[in-house]
Amino acid sequence: MDKNSQEQFTGTIKFTPPLYKQRYCFIKDLVGKYKPKKVADLGCADCTLLWMLKSCSCIEVLAGLDTCASVMKEKMHRLSPLPGDYLQPDDRSLTVTLYHGSVAHKDPCMLGFDLVTCIELIEHLEELELKKFPEVVFGFMAPTIVVISTPNSEFNPLLPGVMLFRHPDHKFEWNRAQFQSWALETARRYDYSVEFTGVGHPPSGMENVGFCTQIGVFFRKYPQTSESAQSEKSTEVVYKMVFKAVYPSLKDEKYLQSAVVSEVIFTAQMMKRRLLDRLMSEHEEYNDDPPERKSKFQPSVNCFSEDLGKLVVEKSLEPFVQENVVYVPLRTIFSFPKVNRLCGTFEKLCKLIAGKVTLSSDGSAVMLDAEHENE
Amino acid sequence: KTIGLQISAGFQELSLADRGGRRRDFHDLGVNTRQAIEHVQESKTGSSGTVIKLTANYFRLTSRPQWALYQYHVGYSPEMEARRLRSALLFQHVELIGKTHAFDGSILFLPKKLGNKVTEVFSRTRNGEDVKITITLTNELPPTSPTCLQFYNIIFRRLLKMLNLQQIGRNYYNPSDPINMPSHRLMVWPGFTSSILQYEENIMLCTDVSYKVLRSDTVLDFMYSLYYQVEEQRFRDVCAKELIGLIVLTKYNNRTYRIDDIDWDANPQCTFRKADGSEISYVDYYKNQYNQEITDLNQPVLVSQSKRRRGNLMPGPVVLIPELCFLTGLTEKMRNDFNMMKDLSVHTRLPPEQRQCEIRRIIDYIQKDDNVQKELRDWGLSFDSNLLSFKGRVVQGEKIFQAGSMFDYNAQFGDWSKEVRGAPLICAKPLDNWLLIYTRRNYDAANTLLQNLFKVTPAMGIRINKATMIEVDDRTEAYLRVLQQNITPDTNIAVCVLSSSRKDKYDAIKKYLCTDCPIPSQCVLARTLSKPQTAMAVSTKIALQMNCKMGGELWSVEIPLKQVMIVGIDCYHDTLAGKQSIAGFVASLNQTMTRWFSRCAVQSRGQELVDGLKVCLQTALREWFKWNKYLPSRIIVYRDGVGDGQLNTLVNYEVPQFLDCLKSIGKDYSPRLTVIVVKKRVNARFFAQCGGTLKNPPPGTVVDAEVTRPEWYDFFIVSQAVKSGCVAPTHYNVIYDTSKLKPDHVQRLTYKLCHMYYNWSGLIRVPAPCQYAHKLAFLVGQSIHKEPNLVLSDKLYYL
């Protein structure tokens with residue numbers, strides 16, 4: 001590459017989407033492929049990657065670690081659940097935790113992860129920290145997959161204005177050979193395999209410099225350590241927790257119960273309304289409002305039967321009125337897809353609504369006041 | 001990587017750099033109306049009444065002595081565009097600036113003063129470019145400066161976020177302990193309203209409990225359930241009617257939008273152009289951006305006309321996907337659902353003592369959270385731990401006059417329904433010739449009404465003949481035909497007994513009798529007449545109402561002020577049909593304020609309301625002249641229906657137009673004008689200290705100190721009594737006044753007028769003319785949709 005062609009590129013190198021987004025997308029794709037449940041981001045900075053990952057439906061535990069608490073704190077609130085998360089709790093559980101600490105130290109909170117990401121982290125480590133890093137991440141944390149990304153110094157001449165390093169805080173920037181030998185040695189020592197890739201394609205004609213960001217994806221070769229092996233590792237707690245958010249989830253009895261109670265009462269109310277409307281119209285002699293009447297009939301063919309799906313309601317399972325009380329059989333409510341999906345079994349339904357919904361003496365039907373709503 | 005982008009989210013939203021006309025200032029800051037009113041320069045407080053000890057929902061904000069906020073301008077050379085980059089570069093010098101700061105990209109606020117007036121530092125970009133940053137002190141702001149007030153609010157929002165409260169709209173809510181109302185599919189989140197402002201003596205945080213009604217179903221769920229309830233061809237109309245105007249909360253980023261339209265021709269597969277110019281479908285966009293799957297690809301989309309700038313986006317229509325939006329708040333239908341509102345009020349209507357506890361909670365949260373305390377300490381700010389205590393006055397109750405009698409009412413309940421029962425009215429209008437229209441099914445109800453009217457009217461002094469009883473089919477056309485055939489020039493009033501609260505029938509009758517065939521009318525629901533135990537009370541009320549509608553007068557209070565015309569104005573905004581606004585305008589016609597002239601101004605979108613109001617005022621003066629043979633020497637306008645942030649427009653536009661209008665009446669005519677803005681929806685709450693507990697302050701409580709604003713001539717009056725919950729005071733802001741009336745007299749007059757609403761034998765929240773104007777605007781906006789016939793204009797036909 002001669003000097004001229006190099007200058008020709010300096011002004012034009014521009015990544016779309018921006019390189020940092022490409023790195024995050026790389027992780028997101030990896031998550032999509034391997035479906036890890038527990039993911040930790042070491043050097044999470046302003047938590048952007050964590051924020052992107054929280055919507056991945058496979059993840060149940062997300063953790064972030066950084067040496068700078070104030071950077072994490074600036075935007076950590078975007079990791080909190082949104083009102084929508086409370087309004088419709090998710091099926092999965094999700095806990096997001098942020099720790100203040102260094103990758104040079106071991107802490108039991110980082111055990112048992114499926115995926116650990118270190119995006120543009122290692123080049124910020126001092127020599128001593130870098131030395132301890134493999135033992136902490138590969139030896140101690142020992143997750144199934146580790147992803148490490150770092151600048152490829154061979155690309156630097158193509159970047160405008162980069163004299164020594166891309167960032168003043170970088171302690172070193174490796175070329176591909178340096179990174180790969182470090183990675184291979186680390187993988188060998190801790191029984192991992194490693195694959196190399198990267199993001200940020202070089203301009204055509206310059207392919208020989210490699211990706212702008214080089215990435216190593218490490219896979220643990222030995223199976224999941226048993227619980228006992230992990231407890232042996234237990235060390236002192238050194239990280240300081242700075243943030244924790246537990247997302248509302250239907251796995252949590254509290255949210256499941258309120259969702260089920262809500263759905264049961266709503267369904268029962270709807271069936272009551274249906275029943276009363278039908279009875280009213282049967283008794284009605286005056287035909288004063290033909291259009292409205294017609295519209296009220298509509299649900300009987302649509303909503304009602306559709307919600308029931310193909311299910312045939314036996315006569316005995318239909319709601320009925322007795323002494324100003326409407327009885328809606330629980331079995332019928334259970335047959336509604338939403339209720340069914342939430343509870344799974346009829347027994348579970350009964351257990352969840354016990355004490356929260358007024359039931360008939362034998363517990364087989366929901367009781368509702370028959371007074372018409374308009375009165 | 002270690003350099004954080006230390007820019008607060010709150011600051012981004014409330015950027016100080018481009019404050020201008022675009023964002024609405026909800027607190028009407030900077031509208032200084034008191035300075036132009038000479039006689040209240042020294043004092044704006046009244047004096048009459050007895051002192052009452054009050055507690056209010058305000059906490060003082062204190063700063064350490066000699067506190068100041070230092071405002072710097074930050075410049076970059078070479079110029080840096082991106083705000084993120086600008087802050088990243090600046091905060092490479094955190095040791096200089098300190099950890100406590102607020103920065104929006106060009107303005108930097110610090111709690112401390114830097115060593116030099118101008119500081120130059122160098123930072124290096126990731127590209128290795130050296131950038132010179134010049135930090136120049138531009139302002140030392142005292143605690144009371146307007147910028148500081150804004151700044152306090154920004155910091156306070158930061159604190160609420162730190163407390164894990166969720167922002168919805170303007171307020172913050174606690175999602176962890178919701179109240180569930182499964183039978184209505186509602187969830188209620190407790191939360192707080194908060195604002196920090198300069199009040200009379202102190203800068204204070206005004207905070208009140210607020211409840212957010214959320215719904216666990218999405219707009220799409222709602223559309224589906226509606227679809228099953230109505231016929232296909234009516235579905236879209238019904239959908240629009242139910243949904244337009246509602247506020248939705250997006251699932252993915254917690255923003256609220258108002259639904260302005262539904263686009264039935266679009267669906268989630270439609271594409272739009274992103275900021276970078278590329279086309280993307282909504283499905284893909286939400287998938288990529290928020291990991292949200294849109295499952296129903298045939299749903300229509302919602303359109304919100306955003307008035308606010310959101311980030312870099314210019315205001316324009318925002319497209320929303322029904323499946324990804326939750327409904328918030330109550331629909332009109334829900335508000336009319338008595339059972340639901342009752343269930344809701346159990347949770348949200350707190351008695352004074354309990355409400356005070358809930359309000360205190362926010363200060364508890366603030367004081368118990370270490371991070372929040374640290375942030376406040378770093379800025380040198382703190383909040384009083386106690387609610388504000390101060391003194392108000394309770395002005396004496398009024399004597400109610402009727403024909404030949406006078407009485408006091410129960411001051412605590414502010415109600416005289418017992419006293420007026422069976423007493424002769426000031427002016428009774430005879431029922432010589434009137435119609436009673438009913439369906440066959442409601443014959444009994446109609447007959448009961450008739451019999452009861454015969455029983456109750458003689459004591460009131462109302463002469464009554466037997467009505468012309470007419471049976472009709474229960475169809476709108478049948479009612480209209482009967483009215484058309486039977487109304488003669490001598491008909492006093494038409495009474496219709498209706499079998500259901502269906503709006504279309506009512507609307508059609510009202511429209512016909514207010515425009516084409518103008519006579520007073522009274523509609524009664526058969527059901528309200530059907531309960532024997534209340535039939536007499538109901539009939540009494542109906543008799544009184546009918547009498548008012550025909551131009552009768554019920555009672556009066558003493559009004560010492562002479563030659564004064566009182567005007568009441570309120571607005572109704574019709575969000576559905578044609579998006580027009582209606583201003584109701586009423587003006588007193590006599591000294592005792594028992595007769596009112598009314599007109600209304602129908603204003604379509606984009607038109608200024610005030611043009612119509614000018615015409616109203618002109619006709620009102622003409623009418624007054626007819627009645628009194630002279631023009632009023634004073635005019636006092638009570639202007640209701642003014643939204644937050646609209647004060648400026650009122651002061652600079654509406655008031656000058658009123659003055660113009662008065663000038664046009666005659667060369668020598670220059671009456672004294674007072675314009676008072678009436679606000680019912682205020683966050684202030686007052687509690688009376690009674691023994692060891694807190695109670696609602698009694699009717700007649702006036703507050704004109706401490707919690708009022710120094711730049712305004714304003715006061716609060718608690719005029720009504722409530723049976724449950726906390727009473728809401730009404731705020732009165734005198735924005736223009738050449739009357740030279742003492743504040744005490746204005747307060748007393750205002751309170752007197754709260755006695756004069758004839759549809760309620762008791763005290764109400766606002767002066768009667770405001771409530772009359774409201775009733776008129778509501779009737780026209782809901783049912784008539786055009787200006788009623790002026791033949792009716794001297795009667796309270798709209799009650």
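The rules behind these values
- Residues numbered from 1 in each chain as written.
- Chains lettered and ligands numbered in written order.
- Predicted model: local features only at pLDDT ≥ 70, side-chain atom pairs only at ≥ 80, totals over all residues.
- Heavy atoms only, no water.
- UniProt positions renumbered as here; feature names shortened; annotations may be inferred.
- Helix = DSSP H or I, 4+ residues; strand = E, 2+ residues; numbered from the N terminus.
- Buried < 20%, exposed > 50% of the residue type's maximum accessible area, 1.4 Å probe, protein only.
- Contact = heavy atoms within 4.5 Å.
- Salt bridge = Lys/Arg side-chain N within 4 Å of Asp/Glu carboxyl O.
- Phe/Tyr/Trp six-rings, centres within 6.5 Å; stacked < 30°, edge-to-face > 60°.
- Lys NZ or Arg CZ within 6 Å of the ring centre and 35° of its normal.
- Polar contact = N/O pair within 3.5 Å; in protein donor to acceptor, adjacent residues only side chain to side chain.
- Pairing = 2+ DSSP bridges.
- Disulfide = S-S within 2.5 Å.
- Domains from an automatic or database assignment.
- Axes fitted to C-alpha atoms, helices over the stretch in contact; angles between N-to-C directions.
- Expected span 1.5 Å × (residues − 1).
- Core = buried A, V, L, I, M, F, W, Y, C linked by side-chain atoms within 4.5 Å.
- Parallel < 35°, antiparallel > 145°, perpendicular 65-115°, else oblique.
- Nonpolar A, V, L, I, M, F, W, Y, C, P; charged D, E, K, R; others polar.
- Lys, Arg positive; Asp, Glu negative; His and termini not counted.

As recorded in an unreviewed UniProt entry, chain B goes by Piwi-like protein 1 and comes from Rhynochetos jubatus. Listed in UniProt under the heading Sequence similarities (unreviewed entry), the comment for chain B reads: "Belongs to the argonaute family. Piwi subfamily."

Looking up chain A in an unreviewed UniProt entry gives the name Small RNA 2'-O-methyltransferase, with the organism given as Rhynochetos jubatus. Annotation of chain A in UniProt includes, under Cofactor (unreviewed entry), the sentence "Mg(2+)".

Visitor: Can you walk me through the overall build of chain A in this structure?
Guide: Within chain A, the regular secondary structure consists of 14 helices and 11 strands. Counting only residues that meet the buried cut, chain A has 52% of its 375 residues in that class. Pairs at least 24 apart in sequence give 75% of the contacts found in chain A among residues at least 6 apart.

Visitor: Just to check I follow, could you spell out the pattern of salt bridges for this structure?
Guide: Once the charged atoms of two side chains with opposite charge are near each other, the side chains can pair. Per the stated rule, a full pass over the model turns up 44 salt bridges over all chains. The residue Glu154(A) makes a salt bridge to Arg176(A) at a minimum N-O spacing of 2.7 Å. With Glu154(A) in the loop between strand 5 (145-151) and helix 7 (176-189) and Arg176(A) in helix 7, this residue pair connects regions lying 22 residues apart in the sequence. By relative accessible area, Glu154(A) is classed as partly exposed at 27%. Judged by relative accessible area, Arg176(A) falls into the partly exposed class, the value being 26%. In this structure, Asp714(B) and Lys44(B) form a salt bridge, with 2.6 Å as the shortest nitrogen-oxygen distance. Here Asp714(B) is found in strand 37 (residues 713-718), whereas its partner Lys44(B) is found in the loop between helix 1 (9-13) and strand 1 (50-56), with 670 residues between them in sequence. For Asp714(B), a relative accessible area of 0% corresponds to the buried category. According to the relative accessible area criterion, Lys44(B) is buried, its value standing at 3%.

Visitor: Can you help me understand the packing of aromatic side chains in this one?
Guide: The geometry of an aromatic ring pair is captured by two quantities: the separation of the ring centres and the angle between the planes. Under the defined criterion, the tally for this structure stands at 47 aromatic pairs over all chains. Judged by centre distance (5.6 Å) and plane angle (50°), the rings of Phe109(B) and Phe151(B) are tilted. Of this pair, Phe109(B) sits in strand 5 (residues 107-110) while Phe151(B) sits in helix 4 (residues 146-162), and the two are 42 residues apart along the sequence. The pair Phe109(B) / Phe151(B) is uniform in exposure class, with both members buried. Following the ring pairs from residue to residue traces out a cluster consisting of Phe133(A), Phe172(A), Trp174(A), Phe179(A), Trp182(A) and Phe196(A). A cation sits over an aromatic face here: Arg331(A) above Phe346(A), 3.8 Å from the ring centre. Sitting over the face of the ring of Phe266(A), Arg185(B) holds its NZ or CZ atom 3.6 Å from the ring centroid.

Visitor: Any chance you could explain the side chain of Gln747(B) here in plain terms?
Guide: All names here are of chain B. Structurally, the position occupied by Gln747 is in helix 20 (residues 743-753). Only 2.9 Å separates the side chain of Gln747 from the side chain of Arg393, close enough to count as a polar contact. At 3.0 Å, the side chain of Gln747 forms a polar contact with the side chain of Asp704.

Visitor: Mind showing me how you'd approach the pairing of strand 3 (residues 69-77) of chain B here?
Guide: Looking along a regular strand, one sees the side chains alternate between the two faces of the sheet. Residues and elements named next belong to chain B. Burial of strand 3 is extensive: 7 of the 9 residues sit out of reach of the surface. Relative to strand 7 (residues 130-141), strand 3 runs antiparallel, the two sharing 9 bridges. Of the residues in strand 7, the one forming a bridge with Val74 is Ile135.

Visitor: What is the right way to read the state of the cysteines from this model?
Guide: Linking two cysteines covalently through their sulfur atoms gives a disulfide. Inspection of the entire model under this criterion finds 0 disulfides over all chains. Cysteine Cys56(A) is unpaired, with the sulfur of Cys58(A) as its nearest cysteine sulfur at 5.7 Å. Using a relative accessible area of 8% as the deciding quantity, one classes Cys56(A) as buried. No disulfide involves Cys148(B); its sulfur sits 20 Å from the nearest other cysteine sulfur, which is in Cys206(B).

Visitor: Would you explain the domain arrangement of chain B in this entry?
Guide: The accessible area lost on association of the parts is a frequent measure of interface size. Here chain B is partitioned into domain 1 (33-57 + 555-792), domain 2 (67-142), domain 3 (214-334) and domain 4 (428-550). Inter-centroid distance (C-alpha atoms) of domain 1 of chain B to domain 3 of chain B is 39 Å.

Visitor: Quick question: what am I supposed to make of the sheet that holds strand 1 (residues 38-42) of chain A here?
Guide: Residue and element names in this part refer to chain A. Strand order in the open sheet formed by 8 strands is 6-7-5-4-1-2-3-8, with mixed pairing between adjacent strands. Of all the strands in the sheet, just strand 6 (192-199) and strand 8 (240-246) have a single pairing partner and so form its edges. The average angle at which neighbouring strand axes cross in this sheet is 15°, direction not considered. The sheet contact formed by strand 4 (residues 115-119) and strand 5 spans 5 bridges and is parallel. Looking at strand 5, one finds that Val116 is bridged to Val146.

Visitor: Would you mind going over helix 6 (residues 127-141) of chain A with me for this structure?
Guide: Given 3.6 residues per turn, any residue in an α-helix points the same way as the ones three and four places further on. Taking 1.5 Å as the rise per residue, helix 6 of chain A with 15 residues should run 21 Å; its terminal C-alpha atoms sit 20 Å apart, in good agreement. Here helix 6 of chain A has its buried residues at Leu130(A), Phe133(A), Pro134(A), Val136(A), Val137(A), Phe138(A), Gly139(A), Phe140(A) and Met141(A).

Visitor: I'm lost on the nonpolar core in this one. Help?
Guide: Most often, soluble globular proteins have nonpolar side chains that are buried together. One finds Trp434(B), Tyr638(B) and Tyr772(B) to be the most contacted residues of the largest nonpolar core, which totals 85 residues. Take this core: its biggest share by element is 9 residues, from helix 21 (residues 768-784) of chain B. Per-domain counts for this core show at least three residues from each of domain 1 (33-57 + 555-792) and domain 4 (428-550) of chain B. Judged by nonpolar contacts, the second largest core, of 45 residues, contains Leu19(A), Leu115(A), Val147(A) and Val242(A).

Visitor: Would you explain the packing of helix 10 (residues 352-368) of chain B against helix 11 (residues 370-379) of chain B in this entry?
Guide: Angle between the axes and distance between the axes are the two parameters that describe a pair of packed helices. Residue and element names in this part refer to chain B. Following both chains from N to C, one finds helix 10 and helix 11 inclined at 85°, their axes separated by 5 Å at the closest point. The angle between helix 10 and helix 11 falls in the class roughly perpendicular. Of helix 11, the residues touching helix 10 (which contributes Ile366, Gln367 and Lys368) are Asp370, Val372, Gln373 and Leu376. Taken together, the residues of the contact of helix 10 with helix 11 sort by class into 3 nonpolar, 2 polar and 2 charged.

Visitor: In this structure, what is going on with the side chain of Asp737(B)? I would like to understand it.
Guide: Residues and elements named next belong to chain B. Looking at where Asp737 falls in the secondary structure, it is placed in strand 38 (residues 730-737). Arg634 provides the closest opposite charge to the buried, unpaired Asp737, separated from it by 6.6 Å. Here the side chain of Asp737 touches Thr674 through a polar contact of 2.8 Å, side chain to side chain. Aside from chain neighbours lying at most four places away, what touches Asp737 is Ile37, His39, Leu673, Thr674 and Tyr713.

Visitor: Explain the sheet that holds strand 38 of chain B to me, please; I cannot follow it from the model alone.
Guide: One key point about sheets: their strands pair by backbone hydrogen bonds, in either a parallel or an antiparallel sense. Residues and elements named next belong to chain B. With mixed pairing, 12 strands are arranged side by side in an open sheet as 31-30-29-32-33-38-37-36-22-1-34-35. The open sheet has two free edges, formed respectively by strand 31 (596-603) and strand 35 (693-695), since each of these has just one partner strand. On average, adjacent strands in this sheet sit at an angle of 30° to one another, irrespective of strand direction. The sheet contact formed by strand 30 (residues 581-588) and strand 31 spans 8 bridges and is antiparallel. Looking across to strand 31, one finds that Ser581 is bridged to Gln603.

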